[in-house]
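# Understanding the architecture of this molecule
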Amino acid sequence: MKKQRTIKYLLPVLLSFFVMGFVDLVGVATAYIKKDFELSDSVAQLLPGMVFIWFALLSIPTGLFQDRKGKKTTVNIGMTIMGLGLILPFIHYSYIMTLLSFVIIGIGNTILQVSANPLLIDISSDKGKAANLSLSQFIKAIASMLAPLITAGLATYTGNWKLIFPIYAAISFLTVLWLRSVKIEESKSDKEPATLKDVITIITKDRYIAIMMLSIFFIVGFDVSMNTNIANFLSHKFSISIESASIGISIYFAALMIGRFLGALLLRKVDPKIFMVISVILNIIGLLGMVLSNNLDLTRFMIFIAGLGFSNIFPLVFSFAVEHKPESANEISGLVILSVCGGAIIPPIMGILSDHLGINTVIYALIACILYVSYSAYYAIKK
């Protein structure tokens, strides 16, 4: 299939990753909801669980669905569902309604994450796949970085931080209309549409894919836990307000955005496996710095270093997995995104650790996550 690399095709697909980034609103919203309803850390950390549990339940069915109905159709379904979920807390604000909202956002985001990456690969050259995946994550990071800034601004100047929900919902629906208007020729496999048996065969008989899946599990668990714990970490450690501590979330996502932009440029020339090793080392340095620093500005800088190192790890591992068996891209995409359920499992564990052992233990647990990712990087290089 001739690659469709023009701006006409690329822009609406990349904007779907901007919509995908709306899921990280969960991080800053969790801090506000915790404050509004006076929740404990462990109860508050159930909120991101409502979003990310659906990656475990719907990823494989979504991969099978898009194998039959197409990637673009699946992307649009995901963005539509996300838009519906985003509008709910603005209509009625209660703890139960936010849980329901996050459930619907999680369902839409699961569908979107499974389908958007393969769709982007369809319009990318062979050499540009890893770079374009990093570029897409850069676009996603812009939305993630803006969420705490917009929310804080709305809270300060309008007194209603929840206005962020209808704003993001409107962008979601407009992106659906744009992508629908563009005709994209998707890649077609010569084999029959995938079945559940095909997916199970891949995960049980391919050790490489299994290791990459578990790596994604810890990567997303790390990302969500950083997002939902930075404000609490800074607030407890330096006795500052949630609004001031939330700046740390923006610093983290700014680092992701900058790192992914650099990755989109450098990965066209640098060996992805070497890039992966450097990324992991940089991330660990930042995490250790967060624990050891007793200065607020230095700690914020270390958050930036940790985010910079982490920024390209997900797209790198995703590309390692898909390039390992490209003829099964839809099934592997479903399996990889299945592992995103780490975002539902790791944060509650972090909340329990924080409640019982102190906030610093969260950082040590994050280091443990990255150590497994280091092993997966070693395994990929060895293979």
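Use the structure listed above.
Okay, so let's go over this structure. (Residues numbered from 1 in each chain as written. Predicted model: local features only at pLDDT ≥ 70, side-chain atom pairs only at ≥ 80, totals over all residues. Heavy atoms only, no water.)

### Some thoughts on the overall build of the protein
In plain terms, the rule: Strands are runs of DSSP state E lasting at least two residues, helices are runs of H or I lasting at least four, and both sets are numbered from the N terminus onward. Only the C-alpha atoms count toward the radius of gyration. The rule for a globule is 2.2 Å times the residue count to the power 0.38. Relative accessibility decides the category of a residue: with a 1.4 Å probe and only protein chains considered, values under 20% of the type maximum give buried, values over 50% give exposed, and everything between is partly exposed. We call two residues in contact when some of their heavy atoms are within 4.5 Å. All accessible areas in this document rest on Shrake-Rupley with a 1.4 Å probe, and a residue is counted as covered only by the protein chains that are shown.
Along its length, the protein carries 18 helices and zero strands. The globule rule puts the C-alpha radius of gyration for 383 residues at 21 Å, and the 19 Å found for the protein is close to it. If one aligns the C-alpha atoms of the protein with their principal axes, the spans along those axes are about 60 × 45 × 35 Å. Classification of the 383 residues of the protein by burial places 61% in the buried group. Restricting the contact set of the protein to residue pairs at least 6 apart, pairs at least 24 apart contribute 84%. Of the roughly 15100 Å² that the protein leaves accessible, carbon and sulfur atoms contribute 67%.

### Brief notes about unusual backbone geometry
Unlike most non-glycine residues, Glu38 shows phi in positive territory, near 55°. Tracing the backbone through its elements, the reader meets Glu38 in the loop between α2 (25-37) and α3 (41-44). We classify Glu38 as exposed; its relative accessible area is 74%. Non-glycine residue Ser239 carries a positive phi angle of around 55°.

### Digging into a nonpolar patch on the surface
For clarity, the threshold we go by: What makes a patch is a set of residues exposed beyond 30% relative accessible area and free of salt bridges, joined within 9 Å when like-charged and within 5 Å when nonpolar (Val, Leu, Ile, Met, Phe, Trp, Tyr). When a carboxyl oxygen of Asp or Glu lies within 4 Å of a side-chain nitrogen of Lys or Arg, that pair is called a salt bridge.
A cluster of nonpolar side chains, Ile258, Phe261, Leu262, Leu265 and Leu266, forms an exposed patch at the surface whose accessible area comes to about 420 Å². On the secondary structure map, Leu262 appears in helix α12 (residues 247-266). The partly exposed category is assigned to Leu262, whose relative accessible area is 39%.

### As for the environment of Ile104
Turning to its location among the elements, Ile104 is positioned in helix α6 (residues 95-122). A relative accessible area of 23% places Ile104 in the partly exposed class. For the pair Ile104 and Leu296, spaced 192 residues apart in sequence, the C-alpha separation works out to 36 Å. With sequence-adjacent residues up to four places away left out, Ile104 is seen in contact with Ile81, Leu84, Gly85 and Leu88.

### Some words on the nonpolar core
Definition in use: Residues enter a nonpolar core if they are buried and are Ala, Val, Leu, Ile, Met, Phe, Trp, Tyr or Cys, with the set joined through side-chain atoms within 4.5 Å.
Phe52, Phe222, Met226, Tyr252 and Leu287 are the most contacted members of the largest nonpolar core, which has 128 residues in total. When residues in this core are grouped by element, the largest group, 17 residues, is from helix α10 (residues 207-238). Setting aside chain neighbours within four positions, we find Phe52 in contact with Val23, Val220, Val224, Val340, Cys341, Gly343 and Ala344.

### Things to note about the packing of aromatic side chains
Put simply, the rule reads: Aromatic pairing here means that ring centres of Phe, Tyr or Trp (its six-membered ring) are within 6.5 Å. Orientation follows from the plane angle: under 30 degrees is stacked, over 60 is edge-to-face, and everything else is tilted.
Enumeration over the complete set of coordinates arrives at 16 aromatic pairs. Ring plane angle 85° and centroid distance 5.9 Å describe the contact between Tyr93 and Trp161, whose orientation is recorded as edge-to-face. Taken together, the positions of Tyr93 in the loop between α5 (71-91) and α6 and Trp161 in the loop between α7 (129-157) and α8 (164-180) put the pair 68 residues apart, joining distant regions of the chain. The exposure class of Trp161 is buried, given its relative accessible area of 6%.

### So, the environment of Gln66
With respect to the helices, strands and loops of the structure, Gln66 is situated in helix α4 (residues 46-69). Between the C-alpha atom of Gln66 and that of Ile111, which follows or precedes it by 45 residues, the distance is 9.3 Å.

### Let's talk about the pattern of salt bridges
Here the structure, examined in full by the defined rule, presents one salt bridge. Asp122 is the salt-bridge partner of Lys71, the closest N and O atoms lying 3.1 Å from each other. You can see Lys71 sitting in helix α5 and its partner Asp122 sitting in helix α6, a full 51 residues away along the chain. Accessibility classification places Lys71 together with Asp122 in one group, the buried group.

### Description of the environment of Cys341
Counting through the fold element by element, Cys341 comes out in the loop between α16 (329-338) and α17 (342-357). For Cys341, a relative accessible area of 11% puts it in the buried group. Sequence-wise, Cys341 and Ile216 are 125 residues apart; in three dimensions their C-alpha atoms are separated by 9.1 Å. Residues in contact with Cys341, not counting those within four places in the same chain, are Phe52, Phe55, Ala56 and Phe217.

### A few points about helix α14 (residues 296-310)
Since the α-helix advances by 3.6 residues per turn, residues separated by three or four positions end up pointing in the same direction. Which entries qualify depends on this criterion: The span one expects for a helix is its residue count, reduced by one, times 1.5 Å. We call two N or O atoms a polar contact when they sit within 3.5 Å, provided that within protein one can donate a hydrogen and the other can accept it, with sequence-adjacent residues counted only if both atoms are side-chain atoms.
Over its 15 residues, α14 extends 21 Å from the first C-alpha to the last, a length consistent with the 21 Å expected when each residue adds 1.5 Å. Looking at α14, one finds that the buried residues are Thr299, Arg300, Met302, Ile303, Ile305, Ala306, Gly307, Gly309 and Phe310. Considering only its buried residues, α14 is in contact with α10, α11 (242-245), α12, α13 (272-292), α15 (313-324) and α18 (360-382). The N-cap residue of α14 is Asn295: its side-chain oxygen and the backbone nitrogen of Asp297 are 3.0 Å apart.

### Here we look at the side chain of Ser376
Looking at where Ser376 falls in the secondary structure, it is placed in helix α18. At 2.9 Å, the side chain of Ser376 and the side chain of Ser215 are in polar contact. Here Val373 takes part through its backbone oxygen, which lies 2.7 Å from a polar atom of the side chain of Ser376. Residues within four places of Ser376 in sequence aside, it is in contact with Ile211, Met212 and Ser215.

### Details of the packing of α5 against α8
Using the following cut-off: Axis angles are defined between N-to-C directions and span 0 to 180 degrees, where every axis is a line fitted to C-alpha atoms and, for a helix, only to the segment in contact. Orientation labels follow simple angle bins: below 35 degrees gives roughly parallel, above 145 gives roughly antiparallel, 65 to 115 gives roughly perpendicular, and whatever is left gives oblique. Note on convention: the crossing is left-handed when the near helix lies turned anticlockwise from the far helix by less than a right angle, right-handed when the turn is clockwise. Any residue that is not Ala, Val, Leu, Ile, Met, Phe, Trp, Tyr, Cys, Pro, Asp, Glu, Lys or Arg is counted as polar, Gly included; the first ten are nonpolar and the last four charged.
Their axes nearest at 8 Å, the elements α5 and α8 cross at an angle of 160°. When the axes of α5 and α8 are compared, the pair comes out roughly antiparallel. Here α5 and α8 pass one another in a crossing that is left-handed. Between α5 and α8, the contacting residues are Lys72, Val75, Asn76, Met79, Thr80, Gly83, Leu84, Leu86, Ile87, Pro89 and Phe90 on the first element and Phe165, Pro166, Tyr168, Ala169, Ser172, Phe173, Thr175, Val176, Leu179 and Arg180 on the second. Here the contact of α5 with α8 is built from residues that sort into 14 nonpolar, five polar and two charged.

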